[in-house]
Amino acid sequence: MADEKMTPEVHSDEFDRKPVFKNNKERIRWYLDEIDTYKEDMGKWYTIFIRRVIPMLVFFIPMNIIGFRSYEYIALKYFGGLFQGLSSTIGVAIWLVAMLIFLAILIFLPRFATFCEFVLGTAFYAFVFRSFNQFAQGLVDKPIITNAFGFFVAITLGVFLFMKLVFLVLEIMYHIVFHGEKEPRAYKDGQGDDLVL
């Protein structure tokens, strides 16, 4: 078997050279600028997919739970079960209206949408934990989450909110570190629209 000639890998000095930092602040500035550049490179995909599509998918089922449970609580607490017979119809209507409002907020008020996502996520987990407590006390027949799909939805929402929190902290750090120097590039697209988390 003949020996195959190995082609040497080509490395440029710029590729091999690692940045040298004078202090931790410079290191943080460099990493934040790199993250900013990656987000800027994604352009409109970042705006459409991360800011609109993923939140709609992630909150599709939790919004259903929040809508139905809120309606049931209000109907029992304030109307004495007057509309109990219409609970499924009114619950679906509330869910659809809530999803349309949520979509409008995602499109037109992106900064407020981040706040809404944390509020809705907290409300979902509050309903889930309340249902588990009621089930443990024998007050309800079954909790909200009863199968693997339910746990998948809850875990997905948790991961989404954790990532939102990480990127929110990075955005705040970026504004602090680069305060007065330059506007974060990743938060503007070519038309001047905010590209926020």
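Residues numbered from 1 in each chain as written. Predicted model: local features only at pLDDT ≥ 70, side-chain atom pairs only at ≥ 80, totals over all residues. Heavy atoms only, no water.

> Teacher, can you tell me more about helix H3 (residues 44-58) here?
Three- or four-residue spacings in an α-helix give side chains the same orientation, since the helix completes a turn every 3.6 residues. Compared with an ideal rise of 1.5 Å per residue, which puts 15 residues at 21 Å, H3 spans 20 Å between its outermost C-alpha atoms and is within 8% of the ideal. Burial in H3 covers these residues: Tyr-46, Thr-47, Arg-51, Pro-55, Met-56 and Val-58. (Helix = DSSP H or I, 4+ residues; strand = E, 2+ residues; numbered from the N terminus. Expected span 1.5 Å × (residues − 1). Buried < 20%, exposed > 50% of the residue type's maximum accessible area, 1.4 Å probe, protein only.)

> Teacher, can you tell me more about the packing of aromatic side chains here?
Each aromatic ring pair is described using two quantities: the centre-to-centre distance and the angle formed by the ring planes. Under the criterion given, the structure shown has five aromatic pairs. Measuring from ring centre to ring centre gives 5.0 Å for Phe-60 and Trp-95, while their planes differ by 70 degrees; the resulting arrangement is edge-to-face. With Phe-60 in helix H4 (residues 60-79) and Trp-95 in helix H5 (residues 87-108), the pair connects residues that are 35 residues apart, well separated along the chain. Look at Phe-60 and you get partly exposed, because its relative accessible area is 42%. (Phe/Tyr/Trp six-rings, centres within 6.5 Å; stacked < 30°, edge-to-face > 60°.)

> Even after reading the chapter, I still don't get a nonpolar patch on the surface, so can you show me in this structure?
A contiguous nonpolar patch, built from Leu-103, Ile-107, Phe-108, Leu-109, Phe-112, Phe-115 and Val-119 and spanning about 660 Å² of accessible area, is present on the exposed surface. Within the residue set of the nonpolar patch, elements represented by two or more residues are H5 and helix H6 (110-136). The topology assignment puts Val-119 in helix H6. (Patch = residues over 30% accessible without salt bridge, like charges linked within 9 Å, V, L, I, M, F, W, Y side chains within 5 Å. Areas by Shrake-Rupley, 256 points an atom, 1.4 Å probe, with all protein chains shown as cover. Salt bridge = Lys/Arg side-chain N within 4 Å of Asp/Glu carboxyl O.)

> How do you make sense of the environment of Leu-103 when you look at a structure like this?
Tracing the backbone through its elements, the reader meets Leu-103 in helix H5. For the pair Leu-103 and Val-53, spaced 50 residues apart in the sequence, the C-alpha separation amounts to 9.2 Å.

> What is the right way to look at the pattern of salt bridges in this model?
A pair can form between side chains of opposite charge whenever their charged atoms are brought close. What the rule picks out here adds up to two salt bridges. For Arg-111, the salt bridge is made with Glu-171, and the minimal N-O distance between the two is 3.2 Å. Within this pair, whereas Arg-111 is found in helix H6, its partner Glu-171 is found in helix H7 (residues 148-177), the two being separated by 60 residues in sequence. For Arg-111, a relative accessible area of 46% puts it in the partly exposed group. Lys-164 is the salt-bridge partner of Glu-117, the closest N and O atoms lying 3.1 Å from each other. On the criterion of sequence distance, the pair formed by Glu-117 in helix H6 and Lys-164 in helix H7 is long-range, its members being 47 residues apart. Of the two residues, Glu-117 and Lys-164, neither departs from the other in class, the shared state being buried.

> Explain the packing of H3 against H7 here, please?
How two helices sit against one another is set out by the angle between their axes and by the gap between those axes. Across the interface, H3 lies against H7 with an axial gap of 10 Å and an inter-helix angle of 145 degrees. Facing Ile-54, Pro-55 and Val-58 of H3, the residues of H7 in contact are Thr-156, Leu-157 and Phe-160. Tallied by class, residues from the contact of H3 with H7 come to five nonpolar, one polar and no charged. (Axes fitted to C-alpha atoms, helices over the stretch in contact; angles between N-to-C directions. Contact = heavy atoms within 4.5 Å. Nonpolar A, V, L, I, M, F, W, Y, C, P; charged D, E, K, R; others polar.)

> In this structure, what is going on with the environment of Leu-161? I would like to understand it.
For Leu-161, the position within the fold is in helix H7. Taking relative accessible area as the criterion, Leu-161 reaches 11% and is therefore assigned buried. Every residue in contact with Leu-161, bar those within four places of it in the chain, is listed here: Phe-59, Glu-117, Phe-118, Gly-121 and Tyr-125.

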